[in-house]
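Examination of the molecular architecture
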Amino acid sequence: MVNLDEYYMKEAIKEAKKAEELLEVPIGAVIVHDGKIISRAHNLRESKQNSLAHAELLAIDKACKIQGSWRLEDTTLYVTLEPCPMCSGAIILSRVKRVVYGASDPKGGCAGTLMNLLADPRFNHQSEVAAGILASECGELLSNFFRGIRKRKKQVKQQEL
């Protein structure tokens, strides 16, 4: 039997790999409605030089355009890294029903690690959260990416000497 959360997370990982090819932090997201992917996106902060170009926000924007509504009430967002405060806010405001993420973010995660904005009853909407789906694969993408950056910086430093 196919685990749907893992299936869709693998699709988000494909998006993360597209970001990595562009030397963007490898984070990918897909939004699913009625068993079909309605939008997909990956980080484009560096390419666009735009702090808002997170995978989740880009996927939400596309999904809203496709649905013809800002309400994404019956959707699930799959993302390779735990959403940050900004993305969590957008998830709440767009009424995403469920969020599934891979790797936890100890520095900015707001879907359970630092706090859980998505389940805070003070907001007028809460999203269900499933954490740790293909966490090691998602985390490894990020670890390898940042290891590569450190290695390149070290090589540049050594060339300067």
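Residues numbered from 1 in each chain as written. Predicted model: local features only at pLDDT ≥ 70, side-chain atom pairs only at ≥ 80, totals over all residues. Heavy atoms only, no water.

**Notes on the pattern of salt bridges**
One pass over the structure, following the stated rule, counts 7 salt bridges. Put simply, Glu15 and Lys18 hold a salt bridge, and the shortest N to O gap is 2.8 Å. Note that Glu15 and Lys18 are positioned in helix α1 (residues 4-21) at a spacing of 3 residues, about one turn of the helix. Accessibility expressed as a relative area gives 3% for Glu15, which makes it buried. Asp61 is the salt-bridge partner of Lys65, the closest N and O atoms lying 3.0 Å from each other. Here Lys65 and its partner Asp61 are both found in helix α3 (residues 55-67), 4 residues apart, which amounts to about one turn of the helix. Taking the relative accessible area as the measure of exposure, Lys65 reaches 62% and is therefore exposed. We classify Asp61 as partly exposed; its relative accessible area is 39%. The network of salt bridges with shared partners includes Glu11, Lys14, Glu15, Lys18 and Arg40. (Salt bridge = Lys/Arg side-chain N within 4 Å of Asp/Glu carboxyl O. Helix = DSSP H or I, 4+ residues; strand = E, 2+ residues; numbered from the N terminus. Buried < 20%, exposed > 50% of the residue type's maximum accessible area, 1.4 Å probe, protein only.)

**Things to note about the packing of aromatic side chains**
What describes a pair of aromatic rings is the distance from one ring centre to the other and the angle between the planes of the rings. Per the counting criterion, the structure on display carries 3 aromatic pairs. Ring geometry for Tyr7 against Tyr8: centres 5.1 Å apart, planes inclined by 75°, an arrangement best described as edge-to-face. Ring geometry for Tyr8 versus Tyr78: centroids 5.3 Å apart, planes at 40°, classification tilted. On the criterion of sequence distance, the pair formed by Tyr8 in helix α1 and Tyr78 in strand β3 (residues 75-81) is long-range, its members being 70 residues apart. Judged on exposure class, the residue Tyr8 and its partner Tyr78 are both buried. Here the aromatic cluster, defined as three or more aromatic residues joined through ring pairs, consists of Tyr7, Tyr8 and Tyr78. (Phe/Tyr/Trp six-rings, centres within 6.5 Å; stacked < 30°, edge-to-face > 60°.)

**Digging into helix α5 (residues 135-160)**
Its 26 residues place the ends of α5 38 Å apart at the C-alpha level, agreeing with the 38 Å of an ideal helix rising 1.5 Å per residue. All buried positions along α5 are accounted for by Cys138, Leu141, Leu142, Phe145 and Gly148. Considering only its buried residues, α5 is in contact with α1, β3 and β4 (98-103). (Expected span 1.5 Å × (residues − 1). Contact = heavy atoms within 4.5 Å.)

**Details of the nonpolar core**
Met9, Ile31, Ile60, Leu77 and Tyr78 are the most contacted members of the largest nonpolar core, which has 45 residues in total. If you list the elements that add at least two residues to this core, you get α1, β1 (28-33), β2 (36-42), α3, β3, α4 (85-93), β4 and α5. The element contributing the most residues to this core is α3, with 6 residues. Aside from chain neighbours lying at most four places away, what touches Tyr78 is Leu4, Asp5, Tyr8, Met9, Ala12, Gly28, Ala29, Val30, Val32, Arg98 and Val100. (Core = buried A, V, L, I, M, F, W, Y, C linked by side-chain atoms within 4.5 Å.)

Structural measurements only, silent on function.
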